Amino acid sequence: MDAIRVRGLRKAYGDNVAVDGVDLDVAHGEVFALLGPNGAGKTTTVEILEGYRRRDAGEVSVLGSDPAAHGLRDRVGIVLQGTGEFDELTVGEVVRHFARFYPAADDPAAVIERVGLADKVRARTHTLSGGQKRRLDVALGIIGRPELLFLDEPTTGFDPEARREFWQLIRDLRASGTTIVLTTHYLEEAEALADRVGVIARGRLIAVDTPRSLGRRDSALATVSWRTPEGAWERTRSATPTAVVTDLATRFAGEVPGLTVTRPTLEDVYLEMIGDH
Ligand SMILES: Nc1ncnc2c1ncn2[C@@H]1O[C@H](COP(=O)(O)OP(=O)(O)OP(=O)(O)O)[C@@H](O)[C@H]1O
């Protein structure tokens, strides 16, 4: 059985239909990224799966139960969009405090180390930087050793190095069997982490695929570009870029100036996809 199974999920706020008939399956051990523009319905969907929000219609099963009916607190970890502040408490106190809520909590010191806050154990949470607060949120999400972890825009405000460290943390969790559902606006993050991505636009799931194959990206035409002897840039789109490059190499009798061969990025296909909706 899948970790998550959703059929015909619907949620409206007054006249505003935020989630409009979403079907979704997430396998055990999978990392699934939900992409979509602001207001597309990602957070609403995820909050329904977490049991934080009630749905208007549809079937939802999370780890075999309906999140609206059953507490899954011990088995599910949740990182909401931006909290990370606990008044005068220190990082160590907050993580130790949350650890007490779980029957099989991880070691607080080890978790703090894993999220890269070891040198902030004694810092009061309100003194942390934005990115450090998000790291604390992540620590609280994983302290209970969840089977399933929800992360809503987990790396917003992270510097590039912190983002890479966070990606490694997610890979470690995946390797230990944790199922992960994350929302993100960073396409390279989805590409780096996700087994599959789902694109939500206006409350509908318009595509689900691997990052490599989304929008038939893997079979899209390649763009070959190079510089002519006169110094102008030339480019051509081709299904057989190797032949184009071979031909250029012959023509230039060796090195082709400024040669690049590119295919559409995940961001390219994503933008094209949501532009149509
Ligand atoms: N508590 C609420 N009350 C009323 N409307 C809401 C509420 N929460 C969300 N909405 C509306 O539902 C729609 C979907 O919002 P949601 O937060 O799910 O989008 P999102 O895809 O997570 O966006 P973002 O990328 O900006 O986080 C939006 O039109 C939003 O205004």
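Residues numbered from 1 in each chain as written. Predicted model: local features only at pLDDT ≥ 70, side-chain atom pairs only at ≥ 80, totals over all residues.

- Under an unreviewed UniProt entry, the protein has the name ABC transporter ATP-binding protein and belongs to Paractinoplanes rhizophilus.
- Per UniProt, the protein carries the Subcellular location (unreviewed entry) text "Cell membrane". (UniProt positions renumbered as here; feature names shortened; annotations may be inferred.)

Looking at the overall build of the protein
Step number 1: If you tally the helices and strands in the protein, you get eight helices and 12 strands.
Step number 2: On the principal axes, the C-alpha backbone points of the protein span a range of 70 × 45 × 35 Å.
Step number 3: In the protein, which comprises 277 residues, the proportion classed as buried is 36%.
Step number 4: By sequence separation, contacts in the protein at least 24 residues apart represent 66% of the contacts at least 6 residues apart. (Helix = DSSP H or I, 4+ residues; strand = E, 2+ residues; numbered from the N terminus. Buried ≥ 20, exposed ≤ 12 C-beta atoms within 10 Å, placed from the backbone. Contact = placed C-beta atoms within 7 Å.)

Quick word on the pairing of strand 5 (residues 76–79)
Step number 1: Of the two faces of strand 5, the one carrying V76 and I78 and the one carrying G77 and V79 are both buried.
Step number 2: The sheet contact formed by strand 5 and strand 6 (residues 148–152) spans four bridges and is parallel. Its bridge partner lying in strand 6, V79 is registered against L151. (Pairing = 2+ DSSP bridges.)

Observations regarding the domain arrangement of the protein
Step number 1: Segmenting the protein into domains produces domain 1 (4–214) and domain 2 (216–264 + 271–275).
Step number 2: Spacing between the C-alpha centres of domain 1 and domain 2 amounts to 39 Å.
Step number 3: Tallying the contact residues gives eight residues for domain 1 and five residues for domain 2.
Step number 4: Contributions of two or more residues to the side of domain 1 that touches domain 2 are made by strand 8 (196–201) and strand 9 (204–209).
Step number 5: Grouping the amino acids of the side of domain 1 that touches domain 2 by side-chain chemistry returns six nonpolar, one polar and one charged. (Domains from an automatic or database assignment. Nonpolar A, V, L, I, M, F, W, Y, C, P; charged D, E, K, R; others polar.)

Examining the sheet that holds strand 3 (residues 31–35)
Step number 1: Reading across the sheet, the six strands line up as 5-6-7-3-8-9 and stay open at both edges, with mixed pairing between neighbours. Of all the strands in the sheet, just strand 5 and strand 9 have a single pairing partner and so form its edges. On average, adjacent strands in this sheet sit at an angle of 15° to one another, irrespective of strand direction.
Step number 2: Here strand 8 pairs with strand 9 via five bridges, running antiparallel. Across the sheet, V197 pairs through a bridge with D209, a residue of strand 9. (Axes fitted to C-alpha atoms, helices over the stretch in contact; angles between N-to-C directions.)

Observations regarding the packing of helix 2 (residues 91–99) against helix 4 (residues 130–142)
For any two helices packed against each other, the geometry comes down to the angle between their axes and how far apart the axes lie.
Step number 1: Remark: helix 2 packs on helix 4, axes separated minimally by 9 Å, with the N-to-C direction vectors making an angle of 20°. In terms of their interaxial angle, helix 2 and helix 4 are classed as roughly parallel. In this structure, helix 2 meets helix 4 at a crossing whose hand is right-handed. Residues V91, V94, V95 and F98 of helix 2 touch helix 4, and the partners they reach there are L136, A139 and L140.
Step number 2: Across the contact of helix 2 with helix 4, the residue classes tally to seven nonpolar, no polar and no charged. (Parallel < 35°, antiparallel > 145°, perpendicular 65-115°, else oblique. Left-handed = near helix turned anticlockwise from the far one by under 90°.)

Let's talk about the sheet that holds strand 11 (residues 233–238)
Step number 1: Spatially, 11-10-12 is the arrangement adopted by the three strands of the open sheet, whose pairing is antiparallel. In the strand order of this sheet, the two ends are held by strand 11 and strand 12 (260–262), each with one partner. Going from strand to strand, the sheet's axes swing by 20° on average, the running direction of each strand aside.
Step number 2: Note: strand 10 (residues 222–227) against strand 11, six bridges, orientation antiparallel. Among the inter-strand pairings, S225 is bridged to a residue of strand 11, identified as R235.
Step number 3: Sheet strands in contact with helix 7 (residues 241–252) are strand 10, strand 11 and strand 12, and its direction is about 15° off that of strand 10.

Focus: the environment of G144
Step number 1: Within the secondary structure layout, G144 lies in the loop between helix 4 and strand 6.
Step number 2: C-alpha separation for the pair G144 and V46, spaced 98 residues apart in sequence, amounts to 19 Å.
Step number 3: In contact with G144, other than residues within four places in its own chain, are D74, G77, Y102 and A105.

Things to note about the site of the ligand
Step number 1: If you check the shell around the ligand, you find Y13, N16, A18, G36, N38, G39, A40, G41, K42, T43 and T44 and nothing else.
Step number 2: Only strand 2 (16–26) and helix 1 (42–50) provide two or more residues apiece to the shell around the ligand.
Step number 3: Among the elements that line the shell around the ligand, the one with the most residues is helix 1, at three residues.
Step number 4: Looking at the shell around the ligand residue by residue, the classes come out as three nonpolar, seven polar and one charged. (Near = placed C-beta within 6 Å.)

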